[in-house]
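# Architecture at a glance
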Amino acid sequence: MSGILEELKWRGLIKQCTDELNVAKLLEQPTHVYAGFDPTADSLHVGSLLPLTLLRRFQSFGHTPICLVGGATGMVGDPSGKSAERNLLDRESLAKNVAGIQRQVSQFVNFEGKNAAVLVNNFDWMQGFSFLDFLRDVGKNFPVNTMLAKDSIKSRIERDDEGISYTEFSYMLLQAYDFVYLAKHHDCRLQIGGSDQWGNITAGIDLGRRMLGQQLFGMTCPLLVNSEGQKMGKTERGAVWLDAERTSPYEFYQYFFNVADADVLNIIKLLSDITQEEFRELESIPPDKAFERVPQRRLAESLTALVHGQAGIASAKQASEILFGGEINNLSSKELKSIFHDVPNATVSSETFSIGQLNLIDALVQCGLSKSKSEAKRGIEAGSIYINNRRESEIDRCLSASDLIGDSSIVLRSGKKRYAILNVE
């Protein structure tokens, strides 16, 4: 079972470890390993893939993962890596977010079998504490010097413009107690997380020593960054989420398919289940074959299958094929908008559309695919105009309800790659 450390090392997944020698001894036997996820939204994002896949790897080596959803800590907000105070969530929003994250973690670890994963919510044990009880039983074991020495706290205190509230200052104590509680009730002695959690993890280890007289351990993985040190998981449209409602399987697939050559091999090691043998094969691909994007395709397919299943891969591939002229008629309006979110679009009224007053030439001009009616006409005559990826050759063609995709849109194309969407309001 200690082979997990070798696996993590070759993948570059160990950033910091409190005591590698004794962690190795601990992992010679089945043990409980935990990672926490604060419910700041109803979905996790790409940055959460590292701790999630880390838990998966521990489980595959016979250890028991504990997924902690921070129903209590989420009410406070982690100051780690933040330059300003988080907005506090109300209880209803928090409950919704907790439920969303609980659903997602089951995609990564198995909650059945011999070393079935455990799902906990720290609100369950924190809600019984009174303020005075927490200060007396927990706070007295937590030196303020320890907190002030942590980078996440120090950096905020030294800021003249923002500083840090007592609420966020207390976050570290709450998370530290999580580790103590899991050690006491689940015999969990190893906490993992991103490298920005190092201060919180070591605080929990110190609290465990003081409250339980027990040696606990911590390990962090690197943050998901590109070769320039910038955090990954952001696009012009915002964060890349693990929830298909927020980021479609197609958008998710395309994000990883478009990872830069300088980053793709490292991301494959960190996040995919690729073997060392296959990794060496990808590593040996000559530079003049880089345009084929074999590593990127391997990465995108692997992660899309993990997050969205085989149905998600099929959907993403279909969407990719559509952009190269594939079948389009069986898409929903939602899938259509996801695929063509950044192409020009125009809107016509349902009344104009229903009485057959919109001809193709006018539609091409209205959508911006043609500068004038004469240019649109020439395009149709040349065979370069498509309705829903089907070539149209009739100059007098009028658009009708039979052309609608998902009851509200028509996809127009000029040439091989110039698309536009006509929406019926």
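In this report, the structure presented in the accompanying data block is examined. (Residues numbered from 1 in each chain as written. Predicted model: local features only at pLDDT ≥ 70, side-chain atom pairs only at ≥ 80, totals over all residues. Heavy atoms only, no water.)

## Quick notes on the overall build of the protein chain
Summing up its helical and strand segments, the protein chain has 19 helices and 13 strands in all. With the principal axes as the frame, the protein chain shows a C-alpha extent of 85 × 50 × 45 Å. A buried classification covers 49% of the 425 residues belonging to the protein chain. Looking at the protein chain alone, contacts between residues at least 24 apart form 73% of all its contacts between residues at least 6 apart. Surface accessibility of the protein chain: about 20500 Å² in total, with carbon and sulfur atoms responsible for 48%. Distance between charge centres in the protein chain, computed from 46 positive and 54 negative side chains, equals 2 Å. (Helix = DSSP H or I, 4+ residues; strand = E, 2+ residues; numbered from the N terminus. Buried < 20%, exposed > 50% of the residue type's maximum accessible area, 1.4 Å probe, protein only. Contact = heavy atoms within 4.5 Å. Areas by Shrake-Rupley, 256 points an atom, 1.4 Å probe, with all protein chains shown as cover. Lys, Arg positive; Asp, Glu negative; His and termini not counted. Charge placed at Lys NZ, Arg CZ, Asp CG, Glu CD.)

## Points about the environment of T73
Relative to the helices and strands, T73 is located in the loop between β3 (64-69) and α4 (91-105). For T73, a relative accessible area of 3% gives the class buried. Taking the C-alpha atoms as reference points, T73 and A316, 243 residues apart in sequence, are found 36 Å from one another. Those residues in contact with T73 that sit more than four places away from it in its chain are D38, N122, Y171, L174, Q175 and D178. Of the polar contacts made by the side chain of T73, one reaches the side chain of D38; its length is 2.8 Å. (Polar contact = N/O pair within 3.5 Å; in protein donor to acceptor, adjacent residues only side chain to side chain.)

## Section: the packing of helix α10 (residues 171-186) against helix α11 (residues 198-212)
Across the interface, α10 lies against α11 with an axial gap of 8 Å and an inter-helix angle of 55°. Classified by the interaxial angle, the pair formed by α10 and α11 is oblique. Crossing hand, α10 versus α11: right-handed. Residue-level inspection shows Y171, M172, Q175, A176, Y177, F179, V180, A183 and K184 of α10 in contact with α11, the latter providing G199, N200, I201, A203, G204, I205, L207, G208, M211 and L212. Here the contact of α10 with α11 is built from residues that sort into 13 nonpolar, 5 polar and 1 charged. (Axes fitted to C-alpha atoms, helices over the stretch in contact; angles between N-to-C directions. Parallel < 35°, antiparallel > 145°, perpendicular 65-115°, else oblique. Left-handed = near helix turned anticlockwise from the far one by under 90°. Nonpolar A, V, L, I, M, F, W, Y, C, P; charged D, E, K, R; others polar.)

## A word on the sheet that holds β3
Strand order in the open sheet formed by 6 strands is β1-β6-β5-β2-β3-β4, with mixed pairing between adjacent strands. The sheet is open, and its two edges are formed by β1 (16-17) and β4 (118-121), each paired on a single side. With 4 bridges joining them, β3 and β4 adopt parallel strand pairing. By the bridge assignment for β4, C67 is matched with L119. Contacts from α10 reach β2 (32-37), β3, β4, β5 (188-194) and β6 (217-221) within the one sheet, and its direction differs from that of β5 by about 145°. (Pairing = 2+ DSSP bridges.)

## Side note on the sheet that holds strand β9 (residues 345-348)
One open sheet accounts for 5 strands, arranged β9-β13-β12-β10-β11; its pairing is mixed. Of all strands in the sheet, those bounded by a partner on one side alone are β9 and β11 (390-391). Relative to strand β13 (residues 418-424), strand β12 (residues 409-414) runs antiparallel, the two being bridged by 6 bridges. Its bridge partner lying in β13, R413 is registered against Y419.

## Examining the nonpolar core
If you look at the biggest cluster of nonpolar residues, it comprises 56 residues, and the most contacted ones within it are L49, F58, L190, I192, F252, F256 and L271. Setting aside residues up to four positions removed in sequence, L190 forms contacts with L26, L27, H32, V33, Y34, F58, F179, F217, G218 and M219. Counting residues in each nonpolar core, the second largest holds 31 residues, with I66, V76, V120 and I153 among its members. (Core = buried A, V, L, I, M, F, W, Y, C linked by side-chain atoms within 4.5 Å.)

## Some details on the pattern of salt bridges
Applying the stated criterion across every chain yields a total of 16 salt bridges. A salt bridge links R136 to D133; the nearest nitrogen and oxygen atoms lie 3.4 Å apart. Taken together, the positions of R136 and D133, both in helix α6 (residues 131-137) and 3 residues apart, correspond to about one turn of that helix. On the basis of relative accessible area, D133 is assigned to the partly exposed category, the value being 28%. A salt bridge links E292 to K289; its shortest N-O distance comes to 3.9 Å. Residue classification places E292 among the partly exposed residues on the basis of a relative accessible area of 36%. (Salt bridge = Lys/Arg side-chain N within 4 Å of Asp/Glu carboxyl O.)

## Quick word on a nonpolar patch on the surface
Taken together, the side chains of F131, L132, L135 and Y166 define a hydrophobic patch exposed on the protein surface, amounting to about 480 Å² of accessible area. Broken down by element, the residue count for the nonpolar patch peaks at 3 residues, all from α6. If you trace the backbone, L135 turns up in helix α6. Residue classification places L135 among the partly exposed residues on the basis of a relative accessible area of 35%. (Patch = residues over 30% accessible without salt bridge, like charges linked within 9 Å, V, L, I, M, F, W, Y side chains within 5 Å.)

## Section: the side chain of S43
With respect to the helices and strands, the residue S43 is situated in the loop between β2 and α3 (49-60). A relative accessible area of 4% places S43 in the buried class. Only 3.2 Å separates the side chain of S43 from the backbone nitrogen of D243, close enough to count as a polar contact. When near neighbours in sequence (up to four residues on either side) are disregarded, S43 contacts Q104, W241, L242, D243 and R246.

## Some points on the side chain of Q197
For Q197, the location among the structural elements is in the loop between β5 and α11. Here the side chain of Q197 touches Q175 through a polar contact of 3.3 Å, side chain to side chain. Within polar-contact distance, the side chain of Q197 engages the side chain of N200 at 3.0 Å.

## Details of unusual backbone geometry
Its identity as a non-glycine residue notwithstanding, D187 has a phi of 55°, on the positive side. Even without being glycine, N388 reaches a positive phi, approximately 50°. Summarising the element assignment, N388 is placed in the loop between β10 (385-387) and β11. Residue class for N388 comes out buried when judged on its relative accessible area of 5%.

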